[in-house]
Amino acid sequence: MSESYLIPAQRLVIEQEIKHSRFISVLFHCSSEQVLKCVLTNVKAEYPGANHYCYAFIAAEPCNTVTMGSSDDGEPAGSAGRPMLATLQGANIGEIGVIVVRYFGGTKLGVGGLVRAYSAGIKQGLTQLETELKLIRYPGQLVCEYHQLKDVEHFLMRGEGLITDKIFSDKVLVHFEIPKGHQQTFAQELATISQGQLKVQFEGE
């Protein structure tokens, strides 16, 4: 399994006119179906009175088929949402959503024409979309003394990890996330500097 994947860095809008119909493709970072619904509400407010608001999204890594979906929003079945999703899947970008707004111009495009029209803006957008790399991090935890916290933070940062929570009592309980490829080194480094006192527990162990 890949340790990282590309995600959209910012929103992008592509506008096209195809046989008098206006197609506006909005590409954006989408980490859940809730985000998709929220953006859809905003797009409907931004572009009111359109005939269709079709969408497609992949809300996790590019190959994750569980967290994806699409909608034809009243267009003939399979003419909008599915081709849009297929275009996104072909881009190998994760956590991505697209909404295509259509203002009907009076000329019917037919199913084949609609498939091409709804995909065209996305294809163009994907060549211009700014992306960033997202590392897949896995949760873990450890307990350390107060004076050891700086070392824990230092080695976590070196291993491209993140602290998600710190709970202070007589000692410090540290919750963190770190890429799988760095787990072993991180655990070994902490064991070395603490003469085996610091023990790291990764989720699932």
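Just so we're clear, the structure is a prediction, and the values are computed from it rather than from any experiment.

## Quick notes on the packing of helix H4 (residues 149–158) against helix H5 (residues 180–193)
- At a closest axis distance of 10 Å, the pairing of H4 and H5 adopts a crossing angle of 155 degrees. Taken together, the axes of H4 and H5 are roughly antiparallel relative to one another. Handedness of the H4/H5 crossing: right-handed. Residues Asp151, Val152, Phe155, Leu156 and Arg158 of H4 form the contact with H5, whose own contacting residues are Phe186, Glu189, Leu190 and Ile193.
- When grouped by side-chain class, the residues that make up the contact of H4 with H5 number six nonpolar, no polar and three charged.

## Section: the packing of aromatic side chains
- If you walk through the whole model with that rule in mind, you get five aromatic pairs.
- When the ring of Phe176 is compared with that of Phe186, the centres are 5.3 Å apart and the planes differ by 70 degrees; the resulting orientation is edge-to-face. Of this pair, Phe176 sits in strand E10 (residues 172–179) while Phe186 sits in helix H5, and the two are ten residues apart along the sequence.
- Overall, Phe186 belongs to the buried group, its relative accessible area being 1%.
- Both rings, one in Phe176 and one in Phe202, keep their centres 6.1 Å apart while their planes meet at 90 degrees; by these two values the pair is edge-to-face. One end of the pair, Phe176, is in strand E10; the other, Phe202, is in strand E11 (residues 200–202), with 26 residues separating them in the sequence.

## A closer look at the nonpolar core
- In terms of nonpolar packing, the biggest core is built from 23 residues, with Met84, Ile96, Val98, Tyr118 and Ile122 touching the most fellow members.
- Counting only elements with at least two residues in this core, the list comes to strand E2 (12–18), strand E3 (21–29), strand E4 (52–58), helix H2 (81–90), strand E6 (96–103) and helix H3 (110–128).
- Among the elements that line this core, the one with the most residues is H3, at five residues.
- Apart from residues lying up to four places away in sequence, Ile96 is in contact with Pro8, Leu27, Phe28, Cys30, Ala56, Phe57, Ile58, Leu88, Leu126 and Leu129.
- Counting 17 residues, the second largest nonpolar core, distinct from the first, contains Leu40, Tyr47, Ala50 and Tyr53.

About the criteria used
- Residue positions are given per chain, counted from 1 along the sequence in the order it is written.
- For this predicted model, a pLDDT threshold of at least 70 governs which residues receive local features, and a threshold of 80 or more governs which side-chain atom pairs are given and counted, while totals over whole chains, interfaces and linings are taken from all residues.
- Side-chain measures were taken over the full set of non-hydrogen atoms in the model, leaving aside hydrogen atoms and water.
- Note on definitions: angles span 0 to 180 degrees between N-to-C directions of axes, and those axes are lines fitted to C-alpha atoms, for helices only across the stretch in contact.
- Numbering goes from the N terminus for both helices and strands, where a helix is a DSSP run of H or I of at least four residues and a strand is a run of E of at least two.
- Roughly parallel means an angle under 35 degrees; roughly antiparallel, over 145; roughly perpendicular, 65 to 115; everything else is oblique.
- Here is the rule for handedness: rotate from the far helix to the near one, and if that takes an anticlockwise turn smaller than a right angle the crossing is left-handed, while a clockwise turn gives right-handed.
- Only heavy atoms enter the contact rule, under which two residues are in contact if any of them lie within 4.5 Å.
- Residues are grouped as follows: Ala, Val, Leu, Ile, Met, Phe, Trp, Tyr, Cys and Pro are nonpolar; Asp, Glu, Lys and Arg are charged; every other residue, Gly included, is polar.
- Whether two aromatic rings pair depends on their centres lying within 6.5 Å, for rings of Phe, Tyr and Trp, where Trp uses its six-membered ring; planes under 30 degrees apart make the pair stacked, over 60 edge-to-face, and the rest tilted.
- Burial classes follow relative accessibility: with a 1.4 Å probe on protein chains only, a residue under 20% of its type's maximum area counts as buried, one over 50% as exposed, and anything between as partly exposed.
- Residues grouped as a nonpolar core are buried Ala, Val, Leu, Ile, Met, Phe, Trp, Tyr and Cys residues, joined through side-chain atoms within 4.5 Å.

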